[in-house]
Amino acid sequence: MAEIPDDEYILKTTSACAGCSIPLCLRYITKAAGPDTVLVIPACCTSVIQGLYPNTAVNIPVYNVAFASAAAVASGMSEAFRAAGKKTNVICFAGDGGTVDIGIQALSGALERGTDFLYVCYDNEAYSNTGMQRSGATPLGAATTTTPAGKKEFKKDLDAIVNAHNPVYMATACSAYPLDLYNKVEKALSITGPKFIHILAPCPPGWRYQSDKTISVGKLAVQSGMWVLYERENGKISLTGASKAAAKKRIPVEDYLKAQGRFKTASKEEISELQQAVENNFKRIEKEVDGTC
Ligand SMILES: Cc1ncc(C[n+]2csc(CCOP(=O)(O)OP(=O)(O)O)c2C)c(N)n1
Ligand code: SF4
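Residues numbered from 1 in each chain as written. Chains lettered and ligands numbered in written order. Predicted model: local features only at pLDDT ≥ 70, side-chain atom pairs only at ≥ 80, totals over all residues. Heavy atoms only, no water.

(A) Just the side chain of Gln260, in detail. Within the element layout of this structure, Gln260 appears in the loop between helix H11 (253-257) and helix H12 (268-290). With residues up to four places along the chain from it excluded, the contact list for Gln260 reads Trp207, Arg208 and Val217. (Helix = DSSP H or I, 4+ residues; strand = E, 2+ residues; numbered from the N terminus. Contact = heavy atoms within 4.5 Å.)

(B) Expanded view of the pattern of salt bridges. Counted by the stated rule, this structure contains 18 salt bridges. For Lys155, the salt bridge goes to Asp123, with nearest N and O atoms at 2.6 Å. Here Asp123 lies in strand E4 (residues 117-123) and Lys155 lies in the loop between E4 and helix H6 (158-163), a separation of 32 residues in the sequence. For Arg262, the salt bridge goes to Glu125, with nearest N and O atoms at 2.8 Å. With a gap of 137 residues between them, Arg262 in the loop between H11 and H12 and Glu125 in the loop between E4 and H6 connect regions that are remote in the sequence. The class of Arg262 is buried, set by a relative accessible area of 2%. (Salt bridge = Lys/Arg side-chain N within 4 Å of Asp/Glu carboxyl O. Buried < 20%, exposed > 50% of the residue type's maximum accessible area, 1.4 Å probe, protein only.)

(C) A look at the pairing of strand E7 (residues 230-233). The sheet contact formed by strand E5 (residues 169-174) and E7 spans three bridges and is antiparallel. Its bridge partner being in E7, Met170 is matched across the sheet by Arg232. Inspection of the sheet shows E7 paired to strand E8 (residues 236-239) by four bridges, in the antiparallel sense. Residue pairing across strands places Tyr230 opposite Leu239, the latter belonging to E8. Counted between consecutive antiparallel strands, the loop separating E7 from E8 contains two residues, among which Asn234 sits at a positive phi close to 45°. (Pairing = 2+ DSSP bridges.)

(D) How the structure looks around the site of ligand 1. Taken together, 15 residues sit near ligand 1, with Cys45, Gly97, Gly98, Tyr122 and Asn129 positioned nearest. Here an oxygen atom of ligand 1 and a backbone polar atom of Asn129 are 2.8 Å apart. Ranked by residues supplied to the shell around ligand 1, first place goes to helix H4 (residues 96-101) with three residues. Grouping the amino acids of the shell around ligand 1 by side-chain chemistry returns seven nonpolar, seven polar and one charged. (Near = heavy atom within 4 Å. Polar contact = N/O pair within 3.5 Å; in protein donor to acceptor, adjacent residues only side chain to side chain. Nonpolar A, V, L, I, M, F, W, Y, C, P; charged D, E, K, R; others polar.)

(E) Here's a closer look at helix H7 (residues 178-189). Over its twelve residues, H7 extends 16 Å from the first C-alpha to the last, a length consistent with the 16 Å expected when each residue adds 1.5 Å. Looking at H7, one finds that the buried residues are Pro178, Asp180, Leu181, Tyr182, Lys184, Val185 and Ala188. Those residues of H7 that are buried are in contact with helix H1 (22-33), E4, E5, strand E6 (194-200) and E7. (Expected span 1.5 Å × (residues − 1).)

(F) Here's a closer look at the packing of helix H3 (residues 70-83) against helix H5 (residues 104-112). Close contact between H3 and H5 brings their axes to 7 Å; oriented N to C, the two are set at 30°. In terms of their interaxial angle, H3 and H5 are classed as roughly parallel. Between H3 and H5, the residues in contact are Ala71, Ala72 and Ser75 and Ala106, Leu107 and Ala110, respectively. Grouping the amino acids of the contact of H3 with H5 by side-chain chemistry returns five nonpolar, one polar and no charged. (Axes fitted to C-alpha atoms, helices over the stretch in contact; angles between N-to-C directions. Parallel < 35°, antiparallel > 145°, perpendicular 65-115°, else oblique.)

(G) How the structure looks around the packing of aromatic side chains. Here the structure, examined in full by the defined rule, presents five aromatic pairs. With 6.3 Å between their ring centres and 75° between their planes, Phe117 and Tyr119 make a pair best called edge-to-face. Plain terms: the ring middles of Tyr119 and Phe196 are 6.2 Å apart, the flat faces sit at 20° to each other, and that makes the pair stacked. Taken together, the positions of Tyr119 in strand E4 and Phe196 in strand E6 put the pair 77 residues apart, joining distant regions of the chain. (Phe/Tyr/Trp six-rings, centres within 6.5 Å; stacked < 30°, edge-to-face > 60°.)

Here you go:
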């Protein structure tokens, strides 16, 4: 198990909703990164959670940037630090809307240029900050304020898009498993070049569950296989943590869905399509692990 430093860079007075998973993610990311780090944050819940200067809850430098530009800004910042002989960690911390939809062009450019940075997409599967609108990362069947009868399309496969850029390191994580996240951030930051981590980050008001259930809902996501924990180093994939068990035996997707109000309108067909997608995804991952695809 990793040695987790006692240092805290995320203070206890954030402006997050009760039960929000974002401060938990940030806490472990910054513990792994340490004080010589700059966070680059586009418009999202996190830009509210950080608080207003001088009463900010983040104890390291934060650079707030326009929605579409996070990875481009981080790219320039990383080059400037390296040119000055500094190893300062540059970490983009952006929501799914700011990554999967709006920031994808800048992310693609930064990955292609081989930028030495870590891009973290925390995925609460909606544009939460502006009122839970549908994003490209919202799953099939989930009700949002712009899809009140449930989304009719599958979640965009951001990881496949990132993987096509062949980054030196990429991983998934979930806020319900903070040590797994800590280990992945620590490893990512020990490697030079473009790194990417995609974190499932449950949101109580958006997903419509009680705020004390953030950890259990995150665990259900992984135990059902709706979210898979893995890392990919130089193209080689390995499952981590609870996903090793989920690859062999998993709970039904329905158990994860029924823990949240946003899937109340999901039809039987949609639930079975989601279950089928989970089975197909594990088959594909197993083939990748075996080196047969
Ligand atoms: C160019 C632009 N369009 C729209 C907005 C309004 N806006 C601010 S935050 C936000 C939602 C961000 O969603 P996401 O990136 O998923 O992060 P979350 O709020 O879920 O943390 C939107 C649409 C903006 N700030 N700039
Ligand atoms: S809306 Fe969701 S993601 Fe945003 S601060 Fe509240 S709980 Fe967190």
